[in-house]
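Structural overview for review
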Amino acid sequence: MKFGVVVFPGSNCDHDAWYALSRNLRQQAEFIWHDAANLGNVDAVILPGGFAYGDYLRCGAIAKFSPVMQAVRAFAADGGLVLGICNGFQILAESGLLPGALVRNRGLKFICSPLRLRVETVNSPFTSQAEKGQQLSVPIAHGEGCYVADERTLDELAAEDRVVFRYLDNPNGSARDIAGILNRGRNVMGMMPHPERAADELMGSTDGLVVFKSMVTALAHA
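What comes next is a walk through the structure. Note that the structure is a prediction, hence the values are computed from the model and not measured. (Residues numbered from 1 in each chain as written. Predicted model: local features only at pLDDT ≥ 70, side-chain atom pairs only at ≥ 80, totals over all residues. Heavy atoms only, no water.)

Phi at Cys 86 takes a positive value of approximately 55°, unusual for a residue other than glycine. According to the relative accessible area criterion, Cys 86 is buried, its value standing at 3%. Phi is positive for Arg 186, close to 65°, though the residue is something other than glycine. (Buried < 20%, exposed > 50% of the residue type's maximum accessible area, 1.4 Å probe, protein only.)

What follows is about the packing of aromatic side chains. What the rule picks out here adds up to two aromatic pairs. On the numbers, 6.0 Å between centres and 20° between planes, the contact of Phe 89 with Tyr 147 is stacked. Remark: Tyr 147 occurs in strand S8 (residues 146-148) and Phe 89 occurs in helix H3 (residues 87-94); sequence separation between them is 58 residues. (Phe/Tyr/Trp six-rings, centres within 6.5 Å; stacked < 30°, edge-to-face > 60°. Helix = DSSP H or I, 4+ residues; strand = E, 2+ residues; numbered from the N terminus.)

In this structure, the largest pocket occupies an estimated 170 Å³ of space. Within the residue set of the lining of the largest pocket, elements represented by two or more residues are H3 and strand S7 (135-142). In the lining of the largest pocket, the residues fall into six nonpolar, seven polar and three charged. (1 Å grid on protein atoms, 1.4 Å probe; cavity = no way out; pocket = protein on both sides within 12 Å on 5 of 7 lines; lining within 4 Å. Points joined across faces, edges and corners; volume = space filled by probe spheres on them. Nonpolar A, V, L, I, M, F, W, Y, C, P; charged D, E, K, R; others polar.)

This part takes up the environment of Ser 124. Here Ser 124 is to be found in the loop between strand S6 (111-119) and S7. In this structure the C-alpha to C-alpha distance between Ser 124 and Leu 219, which are 95 residues apart in sequence, comes to 12 Å. Of note is the side chain of Ser 124, whose polar atom sits 2.7 Å from the side chain of Thr 127. (Polar contact = N/O pair within 3.5 Å; in protein donor to acceptor, adjacent residues only side chain to side chain.)

Let us now look at the pairing of strand S9 (residues 163-167). S9 sits mainly inside the fold: five of its five residues count as buried. Here S6 pairs with S9 via three bridges, running antiparallel. Paired with Arg 118 across the strands is Arg 166, a residue of S9. Across three bridges, S9 lies against strand S10 (residues 178-182) in antiparallel orientation. Residue pairing across strands places Arg 166 opposite Ile 178, the latter belonging to S10. (Pairing = 2+ DSSP bridges.)

This part covers the pattern of salt bridges. All chains considered together, the criterion is met by 11 salt bridges. The salt bridge involving Asp 155 is made with Arg 176; its shortest N-O contact spans 2.8 Å. Separated by 21 residues along the polypeptide, Asp 155 in helix H4 (residues 151-159) and Arg 176 in the loop between S9 and S10 bring together distant segments of the chain. With a shortest N-O distance of 2.6 Å, Arg 162 and Glu 160 are connected by a salt bridge. A residue is classified by how much of its surface remains accessible, and Glu 160, at 31% relative accessible area, is partly exposed. (Salt bridge = Lys/Arg side-chain N within 4 Å of Asp/Glu carboxyl O.)

Here's what the structure looks like:
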């Protein structure tokens, strides 16, 4: 399978995602610069964590206008798998590919720490290799990771089984402990924790690999 990792000016987790895919899972992975007009011949797209230009205004608010995002929208509309991690989640929300928004953490401080997630649904191409209720140890690193949405949207996410992960110890004040969500088509997922930073035994956890393994399995059976 071939994964495209989008690189925005300021991204700092692009190589982490590339390494998890190409070295840990032995999949093809290539970088796609943010001003590219197309994605090339890729099977899935990763919007990595870190930062993007314009985050000083609001995370993802400027990055959503990058030329590559038009290609990402078209790719997602055609059913392509898109995963946004941390800043990538923020960009997906700003782009309208996922509902809600990410705002400043409850304590107004940047948080970088390993924590526990609970898998809420395995009915997705991003978690099919996990078990419902499974606990994962995955780190976070964000200052604006508090997920917010109106009550109607939160109810719809729950009713439609589109909440993928919840925090067991909510570090940032996210509504209903939400750590990751799906779009209605279930082919776009955003998550604040960093699975690529829990993809190698040297990092202390390989729990994050279940996300990428699930994507590979979904693509193999597409």
